[in-house]
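# A structural walkthrough
Listed below are the residues making up each chain.
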Amino acid sequence: MSAAPAAARTREVWAAGDYQRVGVRLVPAAEQLVTDLAVRPGDRVLDVAGGTGNAALAAARRDGEVVCTDVVPELLELARRRAELEGLSYATEVADACALPFADASFDVVVSTFGVVFAAEPEPAAREMLRVLRPGGRLGLTAWRPDAPGGRLLALLTRHDPAGATGDPLRWGTPEGVEGLLDPGEVRQVRHAERTVDMTAPSLAAQWQRYRDWFGPVHVAWRRLDPAGRAALEADFADLWGSSTRGGGPGIVVPNTYLQTTAVRAG
């Protein structure tokens, strides 16, 4: 698939459903990343594939000068509204992660939380993030570990609806995979940390309904599948999420492990 149709496919998938209702649960990961990158007042910060603005908001709360980008205009409108509600401000710009509309070395910090991993072409997206980062600037990324529930869900969706897959998200979820995307001559002080965010719901049925109705990749797969395919997808989701829940209390709590990668632009 060429770049333009692939980017259009990414827009279609992530504009479906209501991603904000799922993505808001990843706020702790965005706050952790921005804290670990030590964003300071006045830092020029770019959030790549920022969706509804989790990382952009975290950086704006630390008084960074932030630009939030995404290929989906509907998500950026939610990002703008969230900032207004908090009394914060940042620029938003529709942009493909594989062709960022910014000059070389424009930013002090470049981040992406569970976003750039879905870029249509991983290698150009990685190069673009480093291109717009100044020498000595900080890069921060998060991606689901392939063996975590989040990673296993993405693999499950690829099995059920191969045509719906966007990007190569599991490649970004291991140290070897992400380092293979970053030119070793362009980065230093590369650090990886495994972190966990809990995904909660009142019940397994409620969690399935959330993903089916709100999470773009599941929502689109559900619409495309026939009744037998839908039943199989729901059963596999229930098995995955049900076997991953922890604790004996009410509801479900699924610990979801992700890889946080930080690095410094060489030069």
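It should be noted that the structure appears before, not after, this text.
So, here's what we can say about the structure.

The rules behind these values
- Residues numbered from 1 in each chain as written.
- Predicted model: local features only at pLDDT ≥ 70, side-chain atom pairs only at ≥ 80, totals over all residues.
- Heavy atoms only, no water.
- Pairing = 2+ DSSP bridges.
- Helix = DSSP H or I, 4+ residues; strand = E, 2+ residues; numbered from the N terminus.
- Axes fitted to C-alpha atoms, helices over the stretch in contact; angles between N-to-C directions.
- Contact = heavy atoms within 4.5 Å.
- Buried < 20%, exposed > 50% of the residue type's maximum accessible area, 1.4 Å probe, protein only.
- Arc of directions from axis to C-beta.

Let us look at the sheet that holds strand S1 (residues 44–47). Sheet architecture is open: 7 strands sit in the order S3-S2-S1-S4-S5-S7-S6, paired in mixed fashion. Because the sheet does not close on itself, it has two edges, and the strands there are strand S3 (91–94) and strand S6 (187–201). Averaged over all pairs of adjacent strands, the angle between their axes in this sheet comes to 20 degrees, without regard to strand direction. Note that strand S5 (residues 133–144) and strand S7 (residues 252–265) share 7 bridges and pair antiparallel. By the bridge assignment, alanine 143 is partnered in S7 with leucine 259. Packing of helix H3 (residues 27–36) onto the sheet brings it into contact with strand S4 (107–113), S5, S6 and S7, and relative to S7 it is tilted by some 25 degrees.

A few words now on H3. Within H3 the residues assigned to the buried category are Ala29, Ala30, Leu33 and Val34. The buried side chains of H3 occupy one side of the element, clustering within an arc of 125 degrees when seen end-on. Trailing H3 by a residue or two, alanine 38 shows a phi angle of about 55 degrees, which is positive.

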